[in-house]
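Architecture at a glance
Each chain, letter by letter, is given below.
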Amino acid sequence: MDIEALQLLEKSATPAPWEWNLNLKHKQVSLEGQTRGRETILEPVRWGMGGARFRFFKDGLMENCEDFAVAKHGRDHHKHWCADINHPDAQLITQLRNAAPDLISAANENAELKQKLGVCKETIDRLLDYVSQPPKSNCACHISAPCADCTDYTDLREVLETANSLIAQATPQKKVES
Ligand SMILES: [Zn+2]
């Protein structure tokens, strides 16, 4: 999954939210956005005596899907009967769907990692109770470097600082498990 490509595509597509709009009375169906009131993202229209074609919104107009036809990867010779639609909204629909399993496992993995991180932070917090604090810095490196204070305590001070900052960043979000 190329998350950067997906992010770019998401930015160039019509902003969310999207919704289907089915008009049973007038026999019309469209996918709608809500950026400026209601706007059509795609709608099917008659296409000769064949099937129907989708129209997509571009530069203030609904343009026919064939205007966005591009050859699929490695299928240049098939462009006239099996082309892709190079419109961000059309691409977002297929690419998001194709990326859905990866996106869902990434979200699950993220939740798991957060949970583990919470345990780590709690453990650090408990461990800190057993650590005796180093004395206040009394560096004498200006006399002879490195001084005893630095050699004895620099590492401990650093690790305590990191631990305390991790604890401070800990945001105990008790998530509702579904
Ligand atoms: Zn020192």
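Parameters and conventions
Residues numbered from 1 in each chain as written. Predicted model: local features only at pLDDT ≥ 70, side-chain atom pairs only at ≥ 80, totals over all residues. Helix = DSSP H or I, 4+ residues; strand = E, 2+ residues; numbered from the N terminus. Rg over C-alpha atoms; globule rule 2.2 N^0.38 Å. Contact = placed C-beta atoms within 7 Å. Axes fitted to C-alpha atoms, helices over the stretch in contact; angles between N-to-C directions. Left-handed = near helix turned anticlockwise from the far one by under 90°. Nonpolar A, V, L, I, M, F, W, Y, C, P; charged D, E, K, R; others polar. Pairing = 2+ DSSP bridges. Domains from an automatic or database assignment.

Counting secondary structure elements, the protein contains three helices and seven strands. For the protein, the N- to C-terminal ordering of α and β elements is α-β-β-β-β-β-β-β-α-α. Relative to the compact-globule value of 16 Å for 178 residues, the protein shows a C-alpha radius of gyration of 29 Å, a clear excess of over 25%. Dimensions of the protein, computed from the C-alpha atoms along their principal axes, are close to 90 × 40 × 30 Å. Long-range pairs, those at least 24 residues apart, make up 27% of the contacts in the protein with a sequence separation of at least 6.

Turning our attention to the packing of helix 1 (residues 3-12) against helix 2 (residues 88-128). Between helix 1 and helix 2, whose axes approach to 9 Å, the crossing angle comes to 140°. Taken as a pair, helix 1 and helix 2 cross one another with a handedness that is left-handed. Contact with helix 1, carried on its side by Leu6, Leu9, Glu10 and Ser12, involves Pro88, Gln91, Leu92, Gln95 and Ala99 of helix 2 and no other residues of that element. Per-class residue counts for the contact of helix 1 with helix 2 are five nonpolar, three polar and one charged.

Attention shifts here to the pairing of strand 2 (residues 28-33). Moving residue by residue along a regular strand, the side chains alternate between the two faces of the sheet. Of the strand pairs in this sheet, strand 1 (residues 19-23) and strand 2 are connected by five bridges, and their pairing is antiparallel. Looking across to strand 2, one finds that Leu22 is bridged to Val29. Connecting strand 1 to the antiparallel partner strand 2 that follows it, the hairpin turn spans four residues, and Lys27 within it adopts a positive phi of roughly 55°. Bridge count between strand 2 and strand 3 (residues 39-46): three bridges; the pairing is antiparallel. Bridging across to strand 3, Gly33 finds its partner in Glu39.

It is common to give the size of an interface as the accessible area lost on bringing the parts into contact. In terms of domain boundaries, the protein breaks down into domain 1 (3-100) and domain 2 (131-172). With centres defined by C-alpha atoms, the gap from domain 1 to domain 2 works out at 59 Å.

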